[in-house]
Amino acid sequence: MSKNISLSVLFILFSIITVSSVIHPDQDSTRSRGKYALLFQVGSNFQLQSFSGATFSFKYQMNKRSALRLGLSISGASSTRDFNQNDFYPDTTFLGNEKTNSVSLTVTCQYLRNIHIIHDVAFYYGGGPVIGFSYSRDNTIYTINNVPENDNKSNSYNAGLSFVGGVEWYLAKNISLLGEYGFSFTYTYLIRNYVDSYEKYNYTTKGYSLGSSAVKLGVSVYF
């Protein structure tokens, strides 16, 4: 449903742009109204949300043709659960607690290049590096019966390149709409260590991935 809404909005956007080009065929006033901009993504029901999944997305307009865009995604969680477990066969009681901690960080930096087309409309393309790190640990400790703890830890590292292309339309002095396609190539390296009362092991996983993102409709606010 949200994909259909986004495609409908993009269709309306490009229709208005086409009409605008007919009305103002010889004008080309495409320019940023400020050097800096915050980016937001338009979701279903026209709700603004983080752009491309980033917690923070920032753009620096170096000149009329070139810009840098930085995306930062960060998340984390921590929880503790105390438990009292009773087993009837055999009759055993386990007391202890479970602790869960996780954190992830991804940084995206893209160089964007504008190509002026028509009145207040620019096509842009670009790309840049993506790096990320995530850590998680589930730790269970039994406080009686001398039962060993369970400990599950994982570290994941990824690096790659992202590429984008789209259209930006300057609606007002400090506001623009943009429609964007994108794809990325990523290398991931995962390390996991696990130990419990019966076994202990660790392993590493390496892999590559290539994928495209859904069409995004965004809003840039310049200042």
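Further up the page is the structure itself.
Not measured: the values here are computed from a predicted model.

Engineer: Sorry if this is basic, but what is going on with the pairing of strand 9 (residues 200-222) here?
Structural biologist: Here strand 1 (residues 36-42) pairs with strand 9 via five bridges, running antiparallel. Of the residues in strand 9, the one forming a bridge with Leu38 is Val221. The antiparallel pairing of strand 8 (residues 175-195) with strand 9 creates a hairpin that spans four residues between the two strands.

Engineer: Just checking my understanding: could you explain the packing of aromatic side chains for this structure?
Structural biologist: The relation between two aromatic rings is expressed through the spacing of the ring centres and the mutual angle of the planes. Enumeration over the complete set of coordinates arrives at 12 aromatic pairs. Here Tyr201 and Tyr203 contribute two aromatic rings whose centre-to-centre distance is 6.1 Å and whose plane-to-plane angle is 10°, an arrangement assigned as stacked. For Tyr201, a relative accessible area of 30% corresponds to the partly exposed category. The class for Tyr203 is partly exposed, based on a relative accessible area of 32%. A network of ring pairs unites the aromatic residues Tyr36, Phe56, Phe58, Tyr60 and Phe223 as a single cluster.

Engineer: Would you mind going over the nonpolar core with me for this structure?
Structural biologist: Ranked by size, the top nonpolar core spans seven residues in total: Leu39, Phe51, Ala67, Leu112, Tyr124, Val164 and Leu178. Discounting chain neighbours no more than four positions away, the residues touching Val164 are Arg69, Gln110, Leu112, Tyr124, Tyr125, Gly126, Glu180, Tyr181 and Gly182.

Engineer: Would you mind showing me how to read a nonpolar patch on the surface here?
Structural biologist: Residues Leu161, Phe163, Phe183, Phe185, Tyr208 and Leu210 make up a contiguous nonpolar surface patch of roughly 650 Å² in combined accessible area. Of all the secondary structure elements, the ones that give two or more residues to the nonpolar patch are strand 7 (150-170), strand 8 and strand 9. Summarising the element assignment, Phe163 is placed in strand 7.

Engineer: Looking at this structure, how should I read empty space enclosed by the protein?
Structural biologist: Over the atoms, a rolled probe matching the size of one water molecule traces out where space is still vacant. A complete count under the given rule lists one cavity of 30 Å³ or more for this structure. If you add up the space inside the largest cavity, you get close to 50 Å³. Forming the boundary of the largest cavity are Leu39, Lys59, Arg69, Leu112, Asn114, Tyr124, Glu168, Leu178 and Ser220. Here the lining of the largest cavity is composed, by residue class, of four nonpolar, two polar and three charged.

About the criteria used
- Residue positions are given per chain, counting from 1 as you read along its sequence in written order.
- Residues qualify for local features only when their pLDDT is at least 70, as the model is predicted, and side-chain atom pairs are given and counted only at 80 or more; totals for whole chains, interfaces and linings, by contrast, use all residues.
- The basis for every side-chain value is the complete set of non-hydrogen atoms in the structure, without hydrogens or water.
- Here, strands pair whenever DSSP counts at least two bridges between them.
- By definition, any uninterrupted DSSP run of H or I lasting at least four residues is a helix, any uninterrupted run of E lasting at least two residues is a strand, and each is numbered from the N terminus.
- Centres within 6.5 Å are what make two rings of Phe, Tyr or Trp a pair, Trp counting through its six-membered ring; a difference in plane orientation under 30 degrees is then read as stacked, over 60 as edge-to-face, and the rest as tilted.
- We call a residue buried when its accessible area falls under 20% of the maximum for its residue type, exposed when it is over 50%, and partly exposed in between, using a 1.4 Å probe and counting protein chains only.
- Only buried Ala, Val, Leu, Ile, Met, Phe, Trp, Tyr and Cys residues count toward a nonpolar core, and they belong to the same one when joined by side-chain atoms within 4.5 Å.
- Whether two residues touch is decided by their heavy atoms; if any such pair falls within 4.5 Å, the residues are in contact.
- Patches here are clusters of residues that have more than 30% relative accessible area and form no salt bridge, with a 9 Å joining cutoff for like charges and a 5 Å cutoff for nonpolar side chains (Val, Leu, Ile, Met, Phe, Trp, Tyr).
- Method for areas: the Shrake-Rupley scheme with a 1.4 Å probe, in which residue coverage is limited to the protein chains shown.
- Here, a salt bridge means any Lys or Arg side-chain nitrogen found within 4 Å of an Asp or Glu carboxyl oxygen.
- Within this scheme a cavity is a closed region of a 1 Å grid, computed over the protein atoms alone, that accommodates a 1.4 Å probe without allowing it to escape, whereas a pocket is open but has protein on both sides within 12 Å along at least five of seven lines; lining residues each have an atom within 4 Å of a point.
- Grid points are joined across faces, edges and corners, and a volume is the space filled by probe spheres set on the points.
- Classes in brief: Ala, Val, Leu, Ile, Met, Phe, Trp, Tyr, Cys and Pro nonpolar; Asp, Glu, Lys and Arg charged; the others, Gly included, polar.

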